[in-house]
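Per-entry structural report
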Amino acid sequence: MSTRAAAGRQGGVGEAISDVFFARPGLLTLLLLLPPLLWIGVVYIGSLIALLLQSFYSLDDFSGLVVHDFTLSTYGQLLEEANVGIIVRTVAMSALVTLACALIAFPIAYYAARYAKGWKKALFYLAVMMPLWSSYLVKVYAWKLILAKEGILTWIASGLGMTWLLEGLLALPVIGGPSLSFSYIGTFLVFVYVWIPYMILPIQAALERVPANLIEASADLGAEPSQTFWHVIYPLALPGIVAGSIFTFSLTLGDYIIPQIVGNSRLMIGQAVYTLQGTAGNIPLAAAFTVVPMVIMGFYLWMAKRMGAFDVL
Amino acid sequence: MTSPAVRFQNVSRRFGEVKAVDGVSLDIAPGELFAMLGPLGSGKTTCLRLIAGFEQPDEGHIEIFGARADGLPPYKRNVNTVFQDYALFPHMTVGENVAYGLMIKGMGRAERESKAAEALAMVKLKGFEARRAAQLSGGQRQRVALARALVNNPKVLLLDEPLGALDLKLREQMQEELRALQKGLGITFVFVTHDQGEALSMANRVAIFNEGRIQQVGTPTDVYERPRTRFVADFVGSANVLAPDLAGRLGAGPRWVSLRPEKITLLADGQGAPEGWVSLDGRLASASYQGSVTRLAVDAEGVRITAAVPAGSAPIVTGSTLRLAWPKAAMVLLEGEP
């Protein structure tokens, strides 16, 4: 037997497999993609379809059993006043949280993208990411203590002689309440705090990609800094803002823990789904409720696309 | 007497410890096609940015058509720039890019669109309004950048390495077009380049920069034929820079002298040098054929001398002895200590 044949056999099965993959690169891609495709196709999309199906069933009020007949009556129930209230409340909260996050996040992201260098940049990432490392529940409970009637905010307000301001805020209709931790103001503050990293990071990434010479070119063509901002920086950062707002909006839309811990007793969509599928056993209505955020997000993305938010991508 | 288009009065610009521009004084005449030539980090680009207003001088003053410019931000100067990588706005169409300056000035849509179309026609991109920068080739982007600057009718147009990113064929074509455009418009063009061939072929006058200072300003013929310093002799074209002792023996100096390779001719064996010429015997170290000329590296008197002779003018055998000759006047005395 020649030495060459021996060398050829050295790799054995492994080499043979390599040869097959080399000759057909598509095969390897298929093998690598198969597990995630199965996961997304069966587990993710499959359960989503199951959920959609459930929403077209209805609950027999008498027996409390699910009637497996196709009907739109469950969706009809969404239009009842109490349920519309839940939807409007949740969407309004999500929109306000998103707006506040965008307004607060933009200057931070702008500073980080354009000015922060070296250790300042590291500090920025640390400051933005660190809250994400700690448990969400711990942060929410911490906020409950901060916002409670006997909490640190009340204490600071009295120390500064600002109790009148706090009381004035709490006396406001709808958004006020007995204390910050039992009001929409409190829920709003905690939402903004918890989701803001998801707004800062995409905006920062978008701004980071704006070449400095575009800003110089704009100035060179006669634009004052404010004009450069609106005509160049803002449009180029818009995909980042939209990406961030998709996070903050959908996360608020579906959250059921924050409004339960900090806030008044009026339900948001997530809480409604939680109680309907749990204690109430009304899976069809719970499913119909979960379809609402999906429809809203679909509409939101469609609007964003129409407004040209993704043109630069 | 009209004031110069751009005047630098003893301008310096520091970045930390580094003096990027060091005491530069310079007048650029109206309607001139002016080149700033120098190696990387020589201060030429900083000078361009000082005119544009992206940088402000630490010392000295800059005037644009007689008006003090230092302290003015870029958006208050009637000067426009064609950036090295064009800096076209990716979220706008070609038409919107070109009309940007007019839009900022508050010109109505119809008027600015027609002006943008005119500017695009001028750079031979008629009908490209609706395209996006990403859909254009490098040469087309360059033209858009040019139209975007020129549509504002600037007093001075600044071009930062305008041809650097283009391939050779396109570069030669754009050189021609830029020259024609400048001549037609009569606007002062100032361009920065590290390519001496480009500077010499395009510009009316050239300033040669090194280490933040201007080494020489003059017409292309001036700086090529009569380099003032060793740096200029070496950087503009290629030159033999002869040391003072050798130059002295050849009857020039004793000073550093510059001798262009193409001034040197080969003498046949036994042929004497004509009146007013000097000759030198040497050994041929290597020869490289470059189409129209052959470059010879000749070792003579302990130095290597490069000569460019017409291709095929002599049988070239490495190691053979050659007699080089050139007119005395071809040796240009350079500034600096002997």
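Residues numbered from 1 in each chain as written. Chains lettered and ligands numbered in written order. Predicted model: local features only at pLDDT ≥ 70, side-chain atom pairs only at ≥ 80, totals over all residues. Heavy atoms only, no water.

Residues and elements named next belong to chain B. Grouped together as the largest cluster of nonpolar side chains are 44 residues, with contacts concentrated most on Val-98, Leu-146, Leu-157, Leu-159 and Phe-189. The dominant element in this core, judged by the number of residues it contributes, is helix 4 (residues 138–150), at 6 residues. Not counting the four nearest positions on each side in its chain, Phe-189 is found in contact with Glu-32, Leu-33, Phe-34, Leu-150, Leu-157, Leu-159, Leu-178 and Gln-182. (Core = buried A, V, L, I, M, F, W, Y, C linked by side-chain atoms within 4.5 Å. Buried < 20%, exposed > 50% of the residue type's maximum accessible area, 1.4 Å probe, protein only. Helix = DSSP H or I, 4+ residues; strand = E, 2+ residues; numbered from the N terminus. Contact = heavy atoms within 4.5 Å.)

With that settled, the discussion passes to the interface of chain B and chain A. Interface size is often expressed as the accessible area that is lost when the parts come together. Contacts between the two partners involve 23 residues from chain B, matched on the other side by 20 residues from chain A. Of the roughly 1,800 Å² buried where chain B meets chain A, counting both sides, 64% is carbon and sulfur surface. Taken as a group, Tyr75(B), His91(B) and Ile104(B) account for 34% of the area that chain B buries against chain A, more than any other trio of residues on that side. Inspection of the region where chain B meets chain A yields 1 salt bridge. The interface formed by chain B and chain A holds 7 residue pairs in polar contact (both at pLDDT 80 or more) in total. (Buried area = accessible area lost by both parts, 1.4 Å probe. Salt bridge = Lys/Arg side-chain N within 4 Å of Asp/Glu carboxyl O. Polar contact = N/O pair within 3.5 Å; in protein donor to acceptor, adjacent residues only side chain to side chain.)

A full pass over the atoms with the stated rule returns 20 aromatic pairs over all chains. Between Phe56(A) and Tyr75(A) the ring centres are 5.4 Å apart and the planes differ by 50°, which places this aromatic pair in the tilted class. Of the two residues, Phe56(A) is situated in the loop between helix 3 (25–55) and strand 1 (58–59) and Tyr75(A) in helix 4 (residues 73–78); the sequence distance between them amounts to 19 residues. Assessed through its relative accessible area of 25%, Phe56(A) is described here as partly exposed. A centroid spacing of 5.2 Å and a plane angle of 65° characterise the contact between Phe124(A) and Tyr125(A), whose relative ring orientation is edge-to-face. For Phe124(A), a relative accessible area of 7% corresponds to the buried category. Here Tyr125(A) falls in the partly exposed class, since its relative accessible area comes to 33%. Through successive ring pairs, a cluster of aromatic residues spans Phe106(A), Tyr110(A), Tyr115(A), Phe229(A), Trp230(A) and Tyr234(A). If you follow Lys144(A) out to its NZ or CZ, it ends over the ring of Phe182(A), 4.7 Å from the centre. A cation sits over an aromatic face here: Arg131(B) above Phe128(B), 4.2 Å from the ring centre. (Phe/Tyr/Trp six-rings, centres within 6.5 Å; stacked < 30°, edge-to-face > 60°. Lys NZ or Arg CZ within 6 Å of the ring centre and 35° of its normal.)

What follows deals with the pairing of strand 10 (residues 213–218) of chain B. Residue and element names in this part refer to chain B. The pairing of strand 9 (residues 205–210) with strand 10 spans 5 bridges and is antiparallel. Paired with Ala-207 across the two strands is Val-217, which belongs to strand 10. Taken together, strand 9 and the strand that follows it, strand 10, pair antiparallel across an intervening segment of 2 residues, in which Glu-211 is found at a positive phi of about 50°. (Pairing = 2+ DSSP bridges.)

Residues and elements named next belong to chain B. Domain boundaries assigned for chain B yield domain 1 (6–229) and domain 2 (238–333). On a C-alpha basis, the centres of domain 1 and domain 2 stand 39 Å from each other. Taken together, the contact between domain 1 and domain 2 spans 5 residues of the former and 6 residues of the latter. Interface of domain 1 and domain 2: buried area, both sides summed, is about 460 Å²; carbon and sulfur atoms make up 41% of it. It is Tyr-224, Glu-225 and Pro-227 that lose the most area in domain 1 upon contact with domain 2, and together they represent 89% of the buried surface on that side. Counting every contact that joins domain 1 to domain 2 gives 1 salt bridge. Of the charged contacts, one joins Lys-263 and Glu-225 as a salt bridge, the two residues approaching to 3.2 Å between their closest N and O atoms. Here domain 1 and domain 2 share 3 residue pairs in polar contact (both at pLDDT 80 or more) between them. Tallied by class, residues from the side of domain 1 that touches domain 2 come to 3 nonpolar, no polar and 2 charged. (Domains from an automatic or database assignment. Nonpolar A, V, L, I, M, F, W, Y, C, P; charged D, E, K, R; others polar.)

Here we come to the side chain of Asp220(A). As for its position among the elements, Asp220(A) is in helix 11 (residues 212–220). Buried within the structure, Asp220(A) lacks any salt-bridge partner; its nearest side chain of opposite charge belongs to Arg148(B), at an N-O separation of 6.8 Å. Once residues lying within four places of it in the same chain are set aside, the contact partners of Asp220(A) are Ala52(B), Phe54(B), Pro74(B), Val79(B), Asn80(B), Thr81(B) and Phe83(B). (Lys, Arg positive; Asp, Glu negative; His and termini not counted.)

With a phi angle near 50°, Asn10(B) is a residue other than glycine that sits in the positive phi range. Counting through the fold element by element, Asn10(B) comes out in strand 1 (residues 6–15).

This brings us to the sheet that holds strand 15 (residues 293–300) of chain B. Residues and elements named next belong to chain B. Strand order across the open sheet formed by 5 strands is 13-17-14-15-16, with antiparallel pairing between neighbours. Two strands in the sheet have a free side with no partner beyond their single neighbour: strand 13 (265–267) and strand 16 (303–310). Taken pair by pair, the neighbouring strands of this sheet meet at an average axis angle of 50°, ignoring direction. Sheet topology places strand 15 next to strand 16; 8 bridges connect them, and they run antiparallel. (Axes fitted to C-alpha atoms, helices over the stretch in contact; angles between N-to-C directions.)

The subject of this paragraph is the pairing of strand 1 of chain B. Two faces belong to every sheet, and in a regular strand the side chains alternate between them. All names here are of chain B. Where strand 1 and strand 4 (residues 59–64) come together, 5 bridges link them in antiparallel fashion. Residue Gln-9 lies in a different strand from strand 4, and its bridge partner there is His-61. Direction of pairing for strand 1 relative to strand 2 (residues 18–28): antiparallel, over a ladder of 7 bridges. Directly across from Val-6, in strand 2, lies its bridge partner Ile-28.

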